[in-house]
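# Fold and geometry: a report
One letter stands for each residue in the lines below.
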Amino acid sequence: MTRPALTRKDFVSDQDVRWCPGCGDYSVLANIQRVMPELGVARENIVFVSGIGCASRFPYYMNTYGFHTIHGRAPSFASGIKASNPDLSVWVVTGDGDGLSIGGNHLLHTIRRNFDLQILLFNNRIYGLTKGQYSPTSEVGLKTKSTPSGSIDHPVDPISFAIGAGATFVARTIDVDAGHLQETMRRAHEHKGTAFIEILQNCPVFNDATWGELQDKKTRAANALVLAQGEPLVFGGPGERKGIHLQGGHPSIIDLASDDDPVAKGVVVHDEATRTAAYPFALASLARPDFPLPIGVLRAIEKDCYEDMLQEQIDSAVAQRGAGELEALLHSGDTWQVEP
Amino acid sequence: MTRPALTRKDFVSDQDVRWCPGCGDYSVLANIQRVMPELGVARENIVFVSGIGCASRFPYYMNTYGFHTIHGRAPSFASGIKASNPDLSVWVVTGDGDGLSIGGNHLLHTIRRNFDLQILLFNNRIYGLTKGQYSPTSEVGLKTKSTPSGSIDHPVDPISFAIGAGATFVARTIDVDAGHLQETMRRAHEHKGTAFIEILQNCPVFNDATWGELQDKKTRAANALVLAQGEPLVFGGPGERKGIHLQGGHPSIIDLASDDDPVAKGVVVHDEATRTAAYPFALASLARPDFPLPIGVLRAIEKDCYEDMLQEQIDSAVAQRGAGELEALLHSGDTWQVEP
Amino acid sequence: MSSTEGAVGSALDVKGSPRELDRVAIRFAGDSGDGMQLTGTQFTESTALAGNDLSTFPDFPAEIRAPAGTLAGVSGFQIHFSSRDIHTPADQPDLLIAFNPAALKANIDDVRPSGMVIVNSDSFSKKALARAGYEENPLPALRERFALVEVPITNLNRAALRGLSMGARDIDRSKNFFALGILYWLYNRPMESTERWLKSKFSGEILEANLRTLRAGHAYGETTELFPISYTVAPAKIEAGTYRNITGNTALAWGVIAAGVQLERPVFFGAYPITPASDVLHELARHRHFGLKTFQAEDEMAAVSAAIGASFAGDLGVTASSGPGIVLKQEALGLAVMVELPLVLIDVQRAGPSTGSPTKTEQGDLLLALFGRHSASPMPVLAAATPADCFHTMIEAAQIAVRYMTPVFVLSDSYLANSAEPWKIPELDRLPRMPRQPVAQSDLGDFQPYSRNLETLARPWAIPGTPGLEHRIGGLTKADVSGNVVYDPENHAKMVQLRTEKVARIAQDLPPVEIEGAPEAETLIVGWGGTRGAITAAIEAAAEAGNAVAYVHLRHLNPLPPDLGEVLSRYRNILVPELNSGQLAMLLRAEYLVNARSYTKVDGQPFKVGELADAIAKTIGAEET
Amino acid sequence: MSSTEGAVGSALDVKGSPRELDRVAIRFAGDSGDGMQLTGTQFTESTALAGNDLSTFPDFPAEIRAPAGTLAGVSGFQIHFSSRDIHTPADQPDLLIAFNPAALKANIDDVRPSGMVIVNSDSFSKKALARAGYEENPLPALRERFALVEVPITNLNRAALRGLSMGARDIDRSKNFFALGILYWLYNRPMESTERWLKSKFSGEILEANLRTLRAGHAYGETTELFPISYTVAPAKIEAGTYRNITGNTALAWGVIAAGVQLERPVFFGAYPITPASDVLHELARHRHFGLKTFQAEDEMAAVSAAIGASFAGDLGVTASSGPGIVLKQEALGLAVMVELPLVLIDVQRAGPSTGSPTKTEQGDLLLALFGRHSASPMPVLAAATPADCFHTMIEAAQIAVRYMTPVFVLSDSYLANSAEPWKIPELDRLPRMPRQPVAQSDLGDFQPYSRNLETLARPWAIPGTPGLEHRIGGLTKADVSGNVVYDPENHAKMVQLRTEKVARIAQDLPPVEIEGAPEAETLIVGWGGTRGAITAAIEAAAEAGNAVAYVHLRHLNPLPPDLGEVLSRYRNILVPELNSGQLAMLLRAEYLVNARSYTKVDGQPFKVGELADAIAKTIGAEET
Ligand SMILES: Cc1ncc(C[n+]2csc(CCOP(=O)(O)OP(=O)(O)O)c2C)c(N)n1
Ligand SMILES: Cc1ncc(C[n+]2csc(CCOP(=O)(O)OP(=O)(O)O)c2C)c(N)n1
Ligand code: SF4
Ligand code: SF4
Ligand SMILES: [Mg+2]
Ligand SMILES: [Mg+2]
């Protein structure tokens, strides 16, 4: 059946959006509603699944199927949905607290099983919904309601965590960078397997400007290492040109003259699909202030998906043993007759 | 007070050890009981904390303080113990199921907080205590009670996971390699911060020889990359000599002649304490069959411990505000008198 | 603040002496952004200083930021103050001040018939009305039913702050202080506490602006014809002493600190944030100078596990959460029962099930506290009755935990957590104390981790670091005395029985049941937890209406007071009001085979005094016919 | 197997015709490594084929490998078979076969006075005796009390296998088949089923060895003087049909498969391994050809969450666990209650609290099933009565889940899980079916996710992939009909009431309470779950002793059968036997205000028929005096 092409409006639900004025979540919502029609998936085949948190209210605003579950478990609900019906396009929305604090374990295992899901982690480095406690991604020293004298937890980097979990697709994007965010969503959708995306998101109310230099167009170029497949790792603010060098597993920055050939100078060429995870790990280890923060797709490789392997086992079992017969099952093994 | 020096026997409890004949846990227990006296810690200041599993029965056999807790939560109990009394030497014993399946989240967060603990993960790539289901470290295709047609979960590598979590000390050792295991325990004890150690352990009953080439002395040299600080990454079975080269984040193996200077040939020199995690990540990414498995200390760096920072906050609070006075607290803020 | 006093003084000249009232209930209502909670708290402080008895109730929007001006975004704060003692924030406010149409719509139906309603008339634009879901302007119609006062608060505030260099938005932010000024005049409240607070919080232009508009509001009340008269409420005759306001969550936090001091153990508090329990963590985190360790864990399992670990190592372990988080802690609590370590678990109940309505109140977790663990896993359960009672309940719970070596369940609720009441600050040496067993000392004989104190059946608290007491504990069935792992049936049965008996013995420390109201009546009301204020007020109201009843309010839900059965047996009807589907009633029926009837409500709101009084009247009536 | 028949035949010549018995109970006991479970299962199959009614009970050591030869390592298997129908594995074995001293020590006290005891005399070395904790050899003393038969099983087995090239250890592994051979002779059981099984499992020398020693054992029994006579137990008169043996866990697994077939929904089974529930996962994982999806999750929260997700997507979601794992699933179950999706949760209860005694049995989780979630979070609860009944209970639970759109709690226990009973294989088209509401179809009108079926109050099951039904669900309080997020009190109360009423309505589908035993007696026994066999046997025993009582066994614990109250009211005493501290008794007392008294035992063991019969006698006596 051919149906009229969808537009952004088709993905807007009838619920009023309830985030604070200026919340980064608005921009993410708007851009995802914009990309959706381009993906060519019928609305009824799309499911948004979330945990608990400000970001996790996302499904209510998408005019698709949606499930606002419980704190930290969204990846598990999504796994069940995908296993049940692999034809669905399943999107998980989570936060730095929902996904990495209470939900860290499910994120780890869902990622390694490589279900074909898109997992969007809105990282505002704070607990928004519960009104401002530090999160596992908050920097040491952050003063919050629960840490009036400053946080003493060393933060975890979602990207390193995801690669450590064996993720087949890992990307980082920014709430306010509409073009890049939309492109990243497209890539995530195209990827077969778990696509993990960290979205740097601003919480103007409880952790304003936590990603300041990256959100601000003026300072972004100097602080972001924007990745492009096959391109050298070059970055730099106005008037500067720098590249990333990787020797013996040790990253360093080299200054480039405007006419230098970066590769000749030893700048690494970006490859999303290296055999080992050594390279994406090296990228993930680039942390500010010493290094620019990689933005874009750090890793994209092919690996079997859980739901496909499960279906294969079912199919081959049917092929070998025939479709299951209840009657036969009940009579399998030793039975005996009692005559009347 | 001076007390008689301790011997191995002082650390043997009065409970009979209940593991299957031939279980790798026996060797680990024996070697840890051997190292303990050398650490110079009084028995009453040592606490072994475990979750649930065969390995987790460990505390019952150590004549120290011990707490056999619940499945997956041992690191959290240990965190509370250490925060309560930083003078205790706290050892966590867990398994690949206990620590990485149900307990993955606590492992992640305990590691990143860098409590000064030793965490020993007994990795037999199987659930032993529940009689043989596959675990998060089991290889794809493993046939077990719960996967008669073969496991379809891509395994997680404990070492990559730990580094991804920001671990300050990460090592891998082998149940039957007494010398290396003892040395690794010593290093773990000396390290200030969370020392994470993966112990390759054999479960002869449900997953025999899962680490075959590494446990067997004959094949170990060819399959293990034994790490030594400041030494080049060289390995090789009888009559072969090979080294690890790392270029632009891509590891590769180079063959060496017996008289080659490995470093000159581009073999990487091992450094436990690189500034970024790129190098240990690269090591962690070396996986068999393509590469030898790194054995030894992959990473050892210094970072503040949670319990120390907590104590500092307490001390400076006392310094600034004086020791807390209940009377003063109850009368703080607005109060008023009601006259008789 | 001579200026203010001057103002009040002259108010009297202009408008004649204020009218004396014996009780007033006011509700502030506005958008989440309008600072209603702050305004309410300031009015509360000032009223407390004026010596009234009072009770407050904040009503936040759920844990979400709703679009400005919508019903979902309305935030409210009610204060009830009186010259006699009162027990609730009152069912119906006598005065509502509404900062926008949504606030009006959400609250108007609660206002006492012909009560006073003040609105910010500047906020009643077509757009705002629409956003609140009003087809037409409701004000004309309201004039019939209420004493409606329309004040252009926004513009008056702007006028008052003219000349300041602040931005328009910042200026508008101060408008709640203009309104507060009006109310201070209207009820002749002192402004000092608010002015003092402003000076402690702000400086420069913001301070200047807030002070100015506060005073301008006061002067406006005084001079405009809109308010023909002002009111006073005489100080209440309350027991002499030093008083403060306190909310349930602050009282819990301070109770934790006090327990540590009293028991001479360091406190370890492990928690994972959750509404409405988070504030206990927030408050405790501010008091590191008590040597207090707060630990924000990655989840509830880690929080309670760390707390149990700390108890094992000699700290007083405490953890707090609400509904969903409590459920997640149950497995670890079962271990604490098995290893018999002291621990206090605080459950600030909220309206469920599931995520439910996180900012609303309910008493839904009593049976969860008793039966939420697998197998026979008995825990003592205590419930706090009022905001200030949270302090005492917490201390008693900690004492029981250490005396009997057991985890203890403390029930509070969202209503207690956020309501405030004046509290006579106790003298510390007057706080009740239980004898507690000393921590086990190093001994060279053979130490038995599961040997028991004959009086309490408590096992020794043997703390790592003590030479000679090295021992192993865990969740597997323990052998009596030695604590070794064994599986023989007799021992299994004996240990189950010992743990049950130990908790039952706590009853030996409980005072006789106190019967309030009219002990000789034929009807007994049995309550527990945060409904105490409402029930007490309802019983007084019922008594005035000639329906005297007896009243027992339970703090101890497990074990129940030993003489409770005998007390219940004296009454012909027993009514059990609860904000759940009848959980205590079920326990009483099962335990004592008495026909305890339930009066329940599960809508996220506290009981209204009126509905309870009616229920009481009906019960008595029911019996007569 | 002519050889065997020949053997049996000649046995008759040598020793005269076997003695006819009407019931026998045998216990196999040995070291975990001795293959007792296997030996027992083989004897069971053969006995079933012989047409006896039977009941078995395996008794493993806890989930630990104890050192060989110690008490902790003893593994036992008891089978009770008869020519009449029986309900339990029997309190006391008539014959014990002990493979080592530890096995003897652990089991001897259970043996019927002057019963037969066969020991492997080769295993009674000083060392072995010491390891079992015997100061001296117990055999001499035992000769007084029992018919003791000392057989050098180890050496006889070696002799039988002489000439095979197998290693000594492998040879010794076969000795249990030698013993099995003896018993087959002693009780005139057919050996075919075992020989068939051996051939299906082994080949080459191992097969050869096992067959040889099995037959050698049989011949030994026949020829030695140690056994003067053999026995037969006539086939039981049981209803005609095709029978098989089935354990509770297998029956649960097959019930899951059958439910999927019957409801025409794919099944998603999510679980995390835990004793004694793991075998349900293991069994289901073997049947992928039913399109069955099994998912071993990282923990219990993930397992139940994935199952709920699958139900949302249109599968029948099922999950299983035991005590500690059940507790961890409760938060997600609360969500399932809120979003009203079908789900079946299986709780194979084990002895707690905490980790407790994982391989022992208990009925400790009834109140956990009812009250283990925060706030009012009602779930239907069903309990299986016998191993085979697990199949039917599971199917009914699934039907309720889909018909009423609700998660359902199914209670089994460790005893049912591992015991086997003969089961008349049901005809599929005879299985009871409930009308179920069809899955919602694509409609272009406006779809309301919380509209309800008037009869069942079920909301529509609207499955992703269906055009026009796009909707959002979640754990926040839902608006009636639309399912939108709202916080108004009336709606909150209404939804709580609707969910409660929906579960209560399930009662409309329940059959009237069936009263067994002596309905007209004055005493009623009320039981539930896995104690059915023991209670039934006890009631028969009591009746024979002149203590006839009535008996009601409940499958439905929530809602309770509508006529239960009326039934209870007919009896002067009500006794409720439970393997917990009186959980059902509490519910009955609270619900019906009847003086239901408890007879309880919490020692990890099933009820013994004798102790129950005594309790019944006492109750009646109690009443007479
Ligand atoms: C079991 C449980 N524990 C705690 C909570 C309270 N809670 C809700 S959201 C949240 C953290 C949200 O932080 P994040 O995931 O970063 O989302 P954000 O609000 O920042 O978008 C917490 C602690 C809960 N709802 N359930
Ligand atoms: C909450 C809970 N879920 C499940 C179990 C059952 N269980 C006990 S140990 C274990 C896995 C043990 O595997 P591992 O950690 O690898 O230890 P090993 O036995 O292999 O040493 C499981 C699933 C439990 N005890 N508690
Ligand atoms: S609290 Fe922060 S994250 Fe949450 S809605 Fe407001 S701005 Fe956004
Ligand atoms: S099951 Fe495996 S891991 Fe467990 S004790 Fe036996 S051999 Fe060791
Ligand atoms: Mg966040
Ligand atoms: Mg393991």
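What comes next is a walk through the structure. As the structure is a prediction and not an experimental result, all values here were calculated from the model. (Residues numbered from 1 in each chain as written. Chains lettered and ligands numbered in written order. Predicted model: local features only at pLDDT ≥ 70, side-chain atom pairs only at ≥ 80, totals over all residues. Heavy atoms only, no water.)

## Digging into helix H2 (residues 36-49) of chain D
All names here are of chain D.
- Taking 1.5 Å per residue, 14 residues should reach 20 Å; H2 reaches 20 Å between its end C-alpha atoms and fits that length.
- Within H2, 11 of the 14 residues are buried, which leaves the element mostly enclosed by the surrounding structure.
- Of the positions making up H2, those classed as buried are Met 36, Gln 37, Thr 39, Gly 40, Gln 42, Phe 43, Thr 44, Glu 45, Ser 46, Thr 47 and Ala 48.
- Where H2 terminates, the next one or two residues include Gly 51, which has phi positive at roughly 85°. (Helix = DSSP H or I, 4+ residues; strand = E, 2+ residues; numbered from the N terminus. Expected span 1.5 Å × (residues − 1). Buried < 20%, exposed > 50% of the residue type's maximum accessible area, 1.4 Å probe, protein only.)

## Digging into the side chain of Asp315(C)
- Position of Asp315(C) relative to the elements: it lies in the loop between helix H13 (300-312) and strand E12 (316-321).
- Looking at Asp315(C), its side chain comes within polar contact range of the side chain of Lys293(C), at 3.0 Å. (Polar contact = N/O pair within 3.5 Å; in protein donor to acceptor, adjacent residues only side chain to side chain.)

## Topic: the coordination of the magnesium ion (ligand 6)
Residues and elements named next belong to chain B.
- For the magnesium ion (ligand 6), the protein coordination sphere consists of Asp 96 (OD), Asn 124 (OD1) and Ile 126 (O), at 2.0 to 2.2 Å.
- When the donors of the magnesium ion (ligand 6) are listed by position in the chain, the intervening gaps give D-x27-N-x1-I. With Asp 96 in helix H3 (residues 96-102) and Ile 126 in the loop between strand E4 (118-123) and helix H5 (158-164), this residue pair connects regions lying 30 residues apart in the sequence. Neither residue differs from the other here; Asp 96 and Ile 126 are each classed as buried. (Donors = N, O, S within 2.8 Å, 3.2 Å for Na, K, Ca; no water.)

## Concerning the pattern of salt bridges
- Scanning the entire structure with this criterion turns up 90 salt bridges over all chains.
- The shortest N-O distance in the salt bridge between Arg215(D) and Glu195(D) comes to 2.9 Å. One end of the pair, Arg215(D), is in helix H10 (residues 204-223); the other, Glu195(D), is in helix H9 (residues 192-201), with 20 residues separating them in the sequence.
- What makes Glu195(D) buried here is its relative accessible area of 0%.
- Here Asp315(D) and Lys293(D) are joined by a salt bridge, their closest N and O atoms 3.0 Å apart. In this pair, Asp315(D) is assigned in the loop between helix H13 (300-312) and strand E12 (316-321) and Lys293(D) in strand E11 (residues 293-296), connecting sequence segments 22 residues apart. Neither Asp315(D) nor Lys293(D) differs from the other in exposure class; each is buried.
- Here the salt bridges share partners, and the residues they tie into one network are Arg112(A), Arg113(A), Asp153(B) and Glu298(D). (Salt bridge = Lys/Arg side-chain N within 4 Å of Asp/Glu carboxyl O.)

## Things to note about the sheet that holds strand E6 (residues 116-120) of chain D
All names here are of chain D.
- Spatially, six strands are ordered E3-E4-E2-E5-E6-E7 in an open sheet, and the strand pairing comes out mixed. Among the strands making up the open sheet, the edge pair consists of strand E3 (53-59) and strand E7 (147-151). Strand-to-strand twist in this sheet, taken as the mean axis angle between neighbours without regard to direction, amounts to 15°.
- Pairing of strand E2 (residues 23-31) with strand E4 (residues 74-82) involves nine bridges; the strand directions are antiparallel. By the bridge assignment for E4, Arg 27 is matched with Gln 78. (Pairing = 2+ DSSP bridges. Axes fitted to C-alpha atoms, helices over the stretch in contact; angles between N-to-C directions.)

## A word on the sheet that holds strand E9 (residues 241-247) of chain D
- With antiparallel pairing, three strands are arranged side by side in an open sheet as E12(A)-E9(D)-E16(D). Where the open sheet ends on each side, the last strands, each with one partner, are strand E12 (335-338) of chain A together with strand E16 (420-424) of chain D. Taken over all neighbouring pairs, the strand axes of this sheet differ in orientation by 35° on average, direction set aside.
- With five bridges connecting them, E9(D) and E16(D) associate as antiparallel partners. Looking across to E16(D), one finds that Asn245(D) is bridged to Pro422(D).
- Strand contacts of helix H11 (residues 248-263) of chain D: E9 and E16 of chain D, with the helix running at about 110° to E9(D), the strand carrying the most contacts. (Contact = heavy atoms within 4.5 Å.)

## Regarding the packing of aromatic side chains
- Going through the model one piece at a time under the given rule, you end up with 52 aromatic pairs over all chains.
- Aromatic side chains Phe281(A) and Phe281(B) sit 3.8 Å apart centroid to centroid with 5° between the ring planes, which places their arrangement in the stacked category. In this pair, Phe281(A) sits in helix H9 (residues 278-284) while Phe281(B) sits in helix H9 (residues 278-284), so the two residues belong to two different chains. As far as burial versus exposure is concerned, Phe281(A) and Phe281(B) are alike and both buried.
- Geometrically, the ring pair formed by Phe371(C) and Phe371(D) is tilted, given 6.2 Å between the ring centres and 40° between the ring planes. Note that Phe371(C) is positioned in helix H15 (residues 366-371) and Phe371(D) in helix H15 (residues 366-371), a pairing that runs across two chains. Side by side, Phe371(C) and Phe371(D) carry an identical accessibility label, which is buried.
- The ring of Trp211(A) carries Arg125(A) above its face, with NZ or CZ at 3.7 Å from the centroid.
- The ring of Tyr134(D) carries the charged tip of Lys105(D) above its face, separated from the ring centre by 5.3 Å. (Phe/Tyr/Trp six-rings, centres within 6.5 Å; stacked < 30°, edge-to-face > 60°. Lys NZ or Arg CZ within 6 Å of the ring centre and 35° of its normal.)

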